[in-house]
Amino acid sequence: MGILVPGAGVIGLTARPKAGVVLIGTGGTIAGRGASPVNTSAYDCSVLSIDDILADLPAAASIADISAEQLFQSGSENFGSAQLLQLGKRISSLLKRDDVDGVVVTHGTDTIDETAYFLHLTLKSAKPVVVVGAMRPPSALSSDGPLNLYNAIVVAASPLAHGKGTLVVANDEIHTARDVVKTSTFKQEAFRSPYGPLGYIVEGKPVFYRLPARPHTVESEWSIDEIDVLPEIGIVYAHGGMNDSMVRAMLDSGVKALIYAATGNGNVATSVVASLVDARARGIHVVRGSRTGGGMVIRNAAQPDDHYDWLVTDDQVPHKARILMMLALTGEHNARTLQNAFLTY
Ligand code: GLU
């Protein structure tokens with residue numbers, strides 16, 4: 001039983017004095033160490049354990065009752081379907097516990113946007129899950145690691161974050177996993193959402209200004225508890241002077257779908273069209289996206305998608321379109337349900 005607090009979601013009547021938050025360590029720069037404090041970009045990743053990181057953040061104990069566990073210790077560029085499934089299932093089981101109010105995942109920033117989007121679409125809980133990383137290791141001058149982690153715990157412990165899906169916290173900002181993309185190799189201001197963050201963390205308090213408009217977590221059609229295998233999907237990146245060799249190589253690689261990161265608003269060079277038509281003839285789905293990083297690809301505009309039986313990504317960037325397409329292919333599907341997934345989520 002609970003009470004509904006406006007803007008805060010449901011809070012248990014037998015509220016504990018502090019929220020219970022579980023930290024899951026997976027590696028990345030937030031667990032990195034450089035040879036000197038000026039090593040802000042060249043350092044060893046994934047060397048500090050989640051216990052080491054937490055020990056350097058004594059202030060966190062005042063926010064929540066925190067427990068920590070190490071799931072992986074690796075750069076996120078190494079994460080694939082096995083890691084996504086293992087992480088998602090672990091979080092799902094934690095969120096079912098009454099003593100867990102939120103989960104924080106420390107994660108390399110390279111693929112943080114992919115992992116967060118996967119969790120956003122597959123976790124069946126309104127409890128906050130926050131994925132957090134750092135652009136500078138804790139050993140560096142002005143590391144963003146400790147404050148990012150502190151802020152992530154603040155958000156995970158907050159009733160205000162309930163029902164907002166998986167969030168990525170970095171650089172004082174709270175992003176929805178649906179929109180956020182890593183946009184810099186080194187700047188602390190690396191994470192951007194095309195429509196802006198949902199809110200900020202200021203003086204240790206989360207402040208929300210917007211809500212995710214599209215369905216997620218409890219409203220999404222996928223559940224991590226029911227998925228044990230994810231299909232292989234490849235991305236081909238278009239460029240000027242493009243030929244069909246990359247698409248042709250992918251046709252023999254066993255992928256179930258191919259995201260074509262096209263130029264501009266989803267244009268496909270004449271030299272490539274036949275290979276993508278062949279892909280579809282071989283049962284491989286073709287999804288037209290854009291390499292621009294912003295704006296949508298409109299069905300039947302730059303290419304006759306109905307005629308070719310191709311799909312479009314709507315506004316999703318190619319690497320996150322891949323995550324959505326993996327999920328869309330897990331259950332019963334046809335061209336209409338696959339296209340709807342992009343237009344819905
Ligand atoms: N390559 C590492 C990773 O994604 C480091 C990048 C980072 O965490 O900022 O895990």
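Since the structure is predicted, the reported quantities are computational estimates derived from the model, not experimental observations.

Conventions adopted
- Residues numbered from 1 in each chain as written.
- Predicted model: local features only at pLDDT ≥ 70, side-chain atom pairs only at ≥ 80, totals over all residues.
- Heavy atoms only, no water.
- Helix = DSSP H or I, 4+ residues; strand = E, 2+ residues; numbered from the N terminus.
- Rg over C-alpha atoms; globule rule 2.2 N^0.38 Å.
- Buried < 20%, exposed > 50% of the residue type's maximum accessible area, 1.4 Å probe, protein only.
- Salt bridge = Lys/Arg side-chain N within 4 Å of Asp/Glu carboxyl O.
- Pairing = 2+ DSSP bridges.
- Arc of directions from axis to C-beta.
- Polar contact = N/O pair within 3.5 Å; in protein donor to acceptor, adjacent residues only side chain to side chain.
- Axes fitted to C-alpha atoms, helices over the stretch in contact; angles between N-to-C directions.
- Parallel < 35°, antiparallel > 145°, perpendicular 65-115°, else oblique.
- Left-handed = near helix turned anticlockwise from the far one by under 90°.
- Contact = heavy atoms within 4.5 Å.
- Nonpolar A, V, L, I, M, F, W, Y, C, P; charged D, E, K, R; others polar.
- UniProt positions renumbered as here; feature names shortened; annotations may be inferred.
- Near = heavy atom within 4 Å.
- Areas by Shrake-Rupley, 256 points an atom, 1.4 Å probe, with all protein chains shown as cover.
- Phe/Tyr/Trp six-rings, centres within 6.5 Å; stacked < 30°, edge-to-face > 60°.
- Lys NZ or Arg CZ within 6 Å of the ring centre and 35° of its normal.

Visitor: Just to check I follow, could you spell out the overall build of the protein for this structure?
Guide: A count of helical and extended segments in the protein gives 9 helices and 16 strands. For the protein, whose C-alpha radius of gyration is 21 Å, the value lies close to the compact-globule estimate of 20 Å for 345 residues. With the principal axes as the frame, the protein shows a C-alpha extent of 60 × 50 × 35 Å. Burial statistics for the protein: of 345 residues in total, 53% are counted as buried.

Visitor: Where do I start with the pattern of salt bridges in this structure?
Guide: Proximity of charged atoms lets side chains of opposite charge pair with each other. If you walk through the whole model with that rule in mind, you get 17 salt bridges. Each of Arg-178, Asp-179 and Asp-315 takes part in a single network of salt bridges with overlapping partners.

Visitor: Help me out: how do you make sense of the sheet that holds strand E16 (residues 311–312) in this one?
Guide: To summarise the sheet geometry, strands pair through backbone hydrogen bonds and adopt either a parallel or an antiparallel arrangement. Sheet architecture is open: 4 strands sit in the order E13-E14-E15-E16, paired in parallel fashion. Each edge of the open sheet is held by one strand with a lone partner, namely strand E13 (233–237) and E16. Pairing of strand E15 (residues 285–290) with E16 involves 2 bridges; the strand directions are parallel. Among the inter-strand pairings, Val-287 is bridged to a residue of E16, identified as Leu-311.

Visitor: Would you mind going over helix H9 (residues 335–344) with me for this structure?
Guide: Structurally, the α-helix is built with 3.6 residues per turn, so residues lying three or four positions apart point the same way. All of the buried residues along H9 are Leu-338, Gln-339, Ala-341 and Phe-342. Looking straight down H9, one finds that the buried residues subtend no more than 145° of arc, so they occupy a single side. N-cap assignment for H9: the residue whose side-chain oxygen lies 2.9 Å from the backbone N of Arg-336 is Asn-334.

Visitor: Just checking my understanding: could you explain the packing of helix H2 (residues 81–95) against helix H3 (residues 112–122) for this structure?
Guide: Two measures define how a pair of helices packs: the angle their axes make with one another and the distance between the axes. Their axes nearest at 10 Å, the elements H2 and H3 cross at an angle of 50°. In terms of axis orientation, H2 runs oblique to H3. Between H2 and H3 lies a crossing whose hand is right-handed. When H2 is examined against H3, the residues Leu-84, Leu-85, Leu-87, Gly-88 and Ile-91 are found in contact with a partner set consisting of Thr-115, Phe-118 and Leu-119. Residues that form the contact of H2 with H3 fall into these classes: 6 nonpolar, 2 polar and no charged.

Visitor: Teacher, can you tell me more about the UniProt feature "domain: Asparaginase/glutaminase C-terminal" (unreviewed entry) in the protein here?
Guide: The UniProt record marks residues 233–342 with the feature "domain: Asparaginase/glutaminase C-terminal" (unreviewed entry), using the residue numbering of this structure. Measuring from the first to the last C-alpha atom of residues 233–342 gives 15 Å, for a span that is 38% helix and 17% strand.

Visitor: Which parts of the structure should I look at to understand the site of the ligand?
Guide: Every residue lining the ligand is accounted for by Gly-28, Thr-29, Cys-45, Gly-75, Ser-76, Glu-77, Gly-108, Thr-109, Asp-110 and Ala-134. Within the backbone of Ala-134, one N or O atom sits 3.1 Å away from an oxygen atom of the ligand. With the chains in place, 90% of the 290 Å² that the ligand exposes on its own is no longer accessible. Here the residues of the shell around the ligand sort into 2 nonpolar, 6 polar and 2 charged.

Visitor: What am I meant to see in the packing of aromatic side chains here?
Guide: Any pair of aromatic rings gets described here by the distance separating the centres and the angle formed by the planes. Summed over all chains, the structure comprises 4 aromatic pairs. When the ring of Phe-72 is compared with that of Phe-79, the centres are 5.4 Å apart and the planes differ by 65°; the resulting orientation is edge-to-face. Taken as a pair, Phe-72 and Phe-79 share a single burial class, namely buried. Their ring planes at 65° and their centres at 6.0 Å tell us that Tyr-200 and Tyr-209 sit as a pair that is edge-to-face. Residue placement shows Lys-164 over the ring face of Phe-208; its charged tip is 4.6 Å from the ring centre. The positively charged end of Lys-320 is found above the aromatic ring belonging to Tyr-117, 5.1 Å away from the centroid.

Visitor: Please explain the pairing of strand E8 (residues 173–176) as it appears in this structure.
Guide: Within a regular strand, the side chains alternate between the two sheet faces. Side chains Glu-173 and His-175 project from E8 onto one buried face, and the interleaved Ile-174 and Thr-176 project onto a second face that is buried too. The sheet contact formed by strand E7 (residues 166–170) and E8 spans 4 bridges and is antiparallel. Bridge pairing links Leu-167 to Thr-176 in E8. Hairpin connection of E7 to E8: 2 residues between the antiparallel strands, including Asn-171 at a positive phi of 55°. Of the strand pairs in this sheet, E8 and strand E11 (residues 199–202) are connected by 2 bridges, and their pairing is antiparallel. Bridged to Glu-173 within E11 is Tyr-200.

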